[in-house]
Amino acid sequence: MKKEYLKIDKVVGPLIQISDVDDVFYGEVVDIVEISTGKVKKGKVIKIEEKNVIIQVFQNTAGLAAGNSIIKFTGESFNLPMSLDLQGRIFNGIGEPIDNGSDIFSLVEANINGRPINPMSREYPRNFIQTGISSIDTLATLIRGQKLPIFSGNGLPHNELAAQIVKQARLGDNVHEDFAVVFAAIGVKHDDEKFFRKSFDDANVMDRVVMFVNYADDPIAERITTPRCALTAAEYLAFEKHMHILVVMTDITSYCEALREISSAREEVPSRKGYPGYMYSDLASLYERAGMLKDQAGSITFLPILTMPNDDITHPIPDLTGYITEGQIVLGRDLFQRSIYPPVAILPSLSRLMKDGIGDGFTREDHAEVANQLFASYSKVQEVRDLSQIIGEEDLSPTDKKYMAFGRAFEAKFLNQGFDESRNIIQSLDLGWRLLALLPLTELDRLSPENITKYFPKES
Amino acid sequence: MAIMEENKINGMISAINGPVIKGKNMTTFKMREMVTVGDKRLIGEVIVLEGDMGTIQVYEETEGLKIGEKITPTGKPLSLKLGPGMLKNMFDGIQRPLEKIQELSPIFIPEGIGLLSIDDQKQWPTTLTVRPGDVLLAGSIFGTVQETEVIQNRLLVPPNLSGTVIEVVPNGSYTIEDVLVRIQDGKNQVYELKMAHEWPVRTPRPNAYRRETLVPLITGQRVIDIFFPIAKGGTAAIPGGFGTGKTMTQHQLAKWSDADIIVYIGCGERGNEMTEVIEDFPKLIDPRSGKSIMERTVLIANTSNMPVAAREASIYTGITIAEYYRDMGYAVAMMADSTSRWAEALREISGRLEEMPAEEGYPAYLPSRIAEFYERAGSVETLGGDDASITIIGAVSPAGGDFSEPVTENTKRFVNVFLALDKSLAYARHYPAINWLESYSGYIKILSDWYEDNVAEDCISLRNKMLELLYEENKLQEMVMLVGEDVLPDDQRWVLEIAKIIKVGYLQQNAYNKDDTYVPLEKQYAMLKAIEYLYERGREGLKLGIPTSQLKDLDIFSQFIKMKYTVPNDDLSGIDRLKEEIDQHYEVLFKKYEN
Ligand SMILES: Nc1ncnc2c1ncn2[C@@H]1O[C@H](COP(=O)(O)OP(=O)(O)OP(=O)(O)O)[C@@H](O)[C@H]1O
Ligand SMILES: [Mg+2]
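Predicted, not measured: the structure shown is a model, and the values here were computed from it.

Here we take up the interface of chain B and chain A. Contact residues are listed per partner, giving 76 residues for chain B and 75 residues for chain A. With both chains or domains summed, chain B and chain A bury close to 6,400 Å², and 53% of this area falls on carbon and sulfur atoms. Between Glu354(B) and Lys47(A) there is a salt bridge, with its nearest N and O atoms 3.9 Å apart. Residue contributions to the side of chain B that touches chain A peak at eight residues, all from helix α4 (residues 271–280) of chain B.

Below you can see the structure in the form of structure tokens.
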């Protein structure tokens, strides 16, 4: 029988400190029972010094005081029961059902912290996923098993884009049998959560979605566990049940802010902008859980969404994320203001895994060249636009004028597409060729003569 | 191998804070001693001793540890077992083979698996090259083992032993634990020599003396070999924001450098990148040996989700392995991707120790740690009397891509080549995104003789001339952005045109193209020489009053942009034909203007 404790020495934000404790282990889960109501809060041991223990409480610590609660050490790590029945269910950030359904019963339990995948056991991801979105499929191709975040800003349509990807992407070969979505909402508004729920309904996948929700008005310490619960469920479904899992997670910015708040409650030395020095490793312990394993079916494709404070890509949250993920899809405010949906800013966007998943046998032989040429030409458009700001479009050279026209057409026709419009990769590539044809052939130095002969649109 | 020594007094855990734990009853422990922690026997290292209290950094996940569990000393510092069996293998940050870990746990890496090391069961056909009576000095070679198809492991007398041979086994198959030779020193003390010996990772292995570095590390990458060369035995840093191409560049160097041995450390980076190396390297053929490049490669992986203390150690593990092969007389090149993650691991541990932070939370000893690390590079004469070298190439990942942060700044102080990766070049898909204005090589002067003797008399002056042209272009571009290109005089517009060829046709190099991924020096030189030729012929035309628009023949220009793909690496006649074409074209053009 484990001991129970009555005396709380100190409450600082989400942390409580108790003394004279024996026989607890690092990472142990505790139940904090309010004596008057019998309500139970959960917490976890995050520091032990002799007989003093610091516990991070996942629910609100308001009202906690010496003498009004009993602290019980459970002798367990933070484990969740795992089962196929997770699908179609909704949980809070510590994995308790909040949909009035029954508890999950299972003999299989998993520690939500997971453990690092041995690089020897990984399979390098190479399978193209068609999202039906031209900018992504052509220029920042999503690969099954990839971690590819959406870098967005407040008010930009990142939720719509993620919902469109969920609706249109085909991850599994056998779409309805081996495919599921794990959705984690971290510190989101009730409206946003509703939007996703509705879009899963519309996409007809609700019975294949596992949801973990921590609302904006829920306790911040629970934001630390929300993504871990979700990824644990994803790992179980992908690596034990061999399903193809798409993990959508929003908003990583709320997660990092929670991390900062707890770190400051612990009085740790901050690094940039007050975020803790270990934020890189902490984020990596989430992002690196995506991937595929050798010699077995199943995958975790991970689409985290984050809102860049002040649209600043050098802010620690997008910065550290970009250093861990396999590329990023960046949304641009100027495109959004010009009503282009999805407003994917292609130049800072990147998919590091696309090189092995495109081309002959995957998409089409000309894919790499078309992508390169579109990048090079669109980047030249930016230069020409800068110049035209100074000398006026009228005074641009004839070639530069063509770049201006190409830039406008590219944004209006290629980037811009409907929320319900899905284009296959062949359509997207052909569209790319038609737009490139607006430029003089001599400017297209990334295209090989063979592909030009084969794909360059004939004047009709 | 038993790591617990008898008769040693155990300590006891008294505090746990992530990867840092405190213990008491530790008076008999030594600073930097390797210990096992708790019932699960996690591996750790003593980093602070104060009275009977000690602080330990733990190389494995500490979840589940309790106050009062025991801390067991091993009696030795954190050490590696150095012997055959490291090449073609991948290890974690403390030299545990990931393949063996996989046998114990197929997918995830659990804690408490103990101290594993190189294979001690494998039988290696061994040739002994000494006889009783021979005097063996420290670091000399007493036998050989063919470790891989291309690398012979030269069995070394450990750097701290010497003596006269009293016994040698016959040639035959042995494991790394078999005694092969017995030597006796002046005090009649007898030592056993095995294929492998242990060495503490934090102690640099000694050498006879340092020598000057006079030979470049040939990488097959134009912007490096011609513009910013790295000397064998030198140091280089590759700083850049995320996605600018640090890892790609490091992979390219690991694949194509003309070093004998490659030690590649994935320090706090992605798991998939290490998987990629394991999948790709065995398929790539080394242009020099004709064998797979994996045959000469050792991989160390502490991915970003592995324990952070082992990240700190991984850098030392890597450099110690590099020194071991250097001591056999090899030219070793070591890539560390990314040294910033190592520095951040230092910062995290320092924070948990509640040390006083200096800049941006980094400990005050950051600069000295960086210096010590890069100082382990160098060209040396080994204790055994051979020429050998270690070249270190470290990636740096500056926060926010801003080079004025502590890790980049301090690295800059201690390295001689700075290959600055540039976000705007990467956005424009100019790869490798090495910014030619910000990058530099401190080796140009001492390597110029080598280039003159081995490539061409004018190789370095050609390089200087083309670099100046690029500097000039940069100034002109600033003007263009103010007034447009049309108002520039023709000779300046010609500079812009040629600079564009240098940038697109020369500096850009496609790692995914099978010919362009590695380019021999002769072709690198010939390409640049041809560009210079076009530049000079054009200037003749300018003197005749021919406008740039006339000089810029679209067909010739597009051939220049594509010559990296169209001229095969082993047949440069295409470049001569291109020059002939220029001559023919300009002769006609010049005639028109001469009259
Ligand atoms: N020489 C090259 N040739 C072709 N593509 C390249 C080259 N260098 C970089 N790239 C492209 O840039 C992408 C990012 O490169 P890389 O992964 O090396 O960046 P990084 O600097 O290591 O980023 P991080 O700091 O996040 O690890 C690659 O996936 C590839 O698409
Ligand atoms: Mg990298």
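Right, let's get into unusual backbone geometry. Each neighbour pair has its own omega, and for Thr250(A) with Asp251(A) the value is 5°, a cis peptide bond. With respect to the secondary-structure elements, Asp251(A) resides in the loop between β16 (244–250) and α5 (252–265). Here the bond from Tyr341(A) into Pro342(A) is cis, since omega is -15°, no more than 30 degrees from zero. By the secondary structure assignment, Pro342(A) is in the loop between α8 (333–337) and β20 (350–351). Of note in this structure, Asn25(B) is not a glycine but carries a positive phi near 65°. On the secondary structure map, Asn25(B) appears in the loop between β2 (20–24) and β3 (33–37). We classify Asn25(B) as partly exposed; its relative accessible area is 37%. If you check the backbone angles, Gln95(B) has positive phi at about 65° while not being a glycine. Tracing the sequence through the fold places Gln95(B) in the loop between β8 (90–91) and α1 (98–104).

Another aspect to go through is the site of ligand 1. Inspection of the region around ligand 1 gives 19 residues, with Arg352(A), Lys246(B), Thr247(B), Met248(B) and Arg270(B) positioned closest. Looking at the residues close to ligand 1, they fall on chains A and B. The contact in question runs from an oxygen atom of ligand 1 to an N or O atom on the side chain of Glu269(B), over 3.3 Å. In this structure, Tyr431(B) approaches ligand 1 through a side-chain N or O atom, which is 3.3 Å from an oxygen atom. For ligand 1, whose unbound accessible area comes to 630 Å², protein coverage reaches 93%. Of the residues forming the shell around ligand 1, the biggest block, three residues, is contributed by helix α3 (residues 246–256) of chain B. Across the shell around ligand 1, the residue classes break down as eight nonpolar, seven polar and four charged.

All names here are of chain A. Each assigned domain of chain A is listed here: domain 1 (4–73), domain 2 (79–356) and domain 3 (368–455). Taking only C-alpha atoms, the centre of domain 1 and the centre of domain 2 are 31 Å apart. When domain 1 packs against domain 2, the two sides together hide about 960 Å² of surface, and 67% of this comes from carbon and sulfur. If you sort the residues of domain 1 by the area they bury against domain 2, Pro14, Gln56 and Phe58 come out on top, with a joint share of 44%.

Attention shifts here to the pairing of strand β12 (residues 152–156) of chain B. Residues and elements named next belong to chain B. In terms of strand pairing, strand β11 (residues 141–146) meets β12 through five bridges, oriented antiparallel. Paired with Gly143 across the bridge in β12 is Leu155. In sequence, β11 turns back onto β12 through a hairpin of five residues.

Glancing now at a nonpolar patch on the surface. Residues and elements named next belong to chain B. Side chains of Met479, Leu482, Val483 and Val487 sit close together on the surface and give an oily, nonpolar patch of about 380 Å² of accessible area. Here Met479 shows up in helix α11 (residues 459–483). Overall, the relative accessible area of 39% leaves Met479 in the partly exposed class.

So, about the packing of α11(B) against helix α12 (residues 490–507) of chain B. Residue and element names in this part refer to chain B. Between α11 and α12, the least distance of the axes is 9 Å, while the angle of their chain directions is 120°. As for the relative orientation of α11 and α12, their crossing is left-handed in sense. On α12, the residues touching Met466, Leu469, Leu470, Glu472, Glu473, Leu476, Gln477, Met479 and Val480 of α11 are Gln492, Val495, Leu496, Ile498, Ala499, Ile502, Lys503 and Leu507. When the residues that make up the contact of α11 with α12 are grouped by side-chain class, the tally is 12 nonpolar, two polar and three charged.

Take helix α12 (residues 425–436) of chain A next. Residue and element names in this part refer to chain A. For α12, spanning 12 residues, the distance from its first C-alpha to its last is 16 Å, which sits close to the expected 16 Å at 1.5 Å a residue. Its buried side turned inward, α12 meets β11 (128–129), α1 (134–139), α10 (367–391), α11 (398–415) and α13 (449–455). The N-capping residue of α12, defined by a side-chain oxygen 3.0 Å from the backbone nitrogen of Ile426, is Asn424.

Another point: a negative patch on the surface. All names here are of chain B. A surface patch of negative charge is lined by Glu359, Glu360, Asp402 and Glu409. Mapped onto the fold, Glu359 is located in the loop between α6 (339–352) and α7 (366–375). Take Glu359: its relative accessible area is 48%, and that puts it in the partly exposed class.

Another point: the packing of α10(A) against α12(A). Helix-helix packing is described using two parameters, namely the angle between the two axes and the distance between the axes. All names here are of chain A. Closest axis-to-axis distance for the α10/α12 pair is 10 Å, and the angle between their directions is 45°. By the angle between their axes, α10 is oblique relative to α12. Classified by chirality, the crossing of α12 by α10 is left-handed. Touching His367, Val370, Gln373, Leu374 and Ser377 of α10 are Ile425, Leu429, Gly432, Trp433 and Leu436, all from α12. Residue composition of the contact of α10 with α12, by class: six nonpolar, four polar and no charged.

Conventions used here
Residues numbered from 1 in each chain as written. Chains lettered and ligands numbered in written order. Predicted model: local features only at pLDDT ≥ 70, side-chain atom pairs only at ≥ 80, totals over all residues. Heavy atoms only, no water. Contact = heavy atoms within 4.5 Å. Buried area = accessible area lost by both parts, 1.4 Å probe. Salt bridge = Lys/Arg side-chain N within 4 Å of Asp/Glu carboxyl O. Helix = DSSP H or I, 4+ residues; strand = E, 2+ residues; numbered from the N terminus. Buried < 20%, exposed > 50% of the residue type's maximum accessible area, 1.4 Å probe, protein only. Near = heavy atom within 4 Å. Polar contact = N/O pair within 3.5 Å; in protein donor to acceptor, adjacent residues only side chain to side chain. Areas by Shrake-Rupley, 256 points an atom, 1.4 Å probe, with all protein chains shown as cover. Nonpolar A, V, L, I, M, F, W, Y, C, P; charged D, E, K, R; others polar. Domains from an automatic or database assignment. Pairing = 2+ DSSP bridges. Patch = residues over 30% accessible without salt bridge, like charges linked within 9 Å, V, L, I, M, F, W, Y side chains within 5 Å. Axes fitted to C-alpha atoms, helices over the stretch in contact; angles between N-to-C directions. Left-handed = near helix turned anticlockwise from the far one by under 90°. Expected span 1.5 Å × (residues − 1). Lys, Arg positive; Asp, Glu negative; His and termini not counted. Charge placed at Lys NZ, Arg CZ, Asp CG, Glu CD. Parallel < 35°, antiparallel > 145°, perpendicular 65-115°, else oblique.

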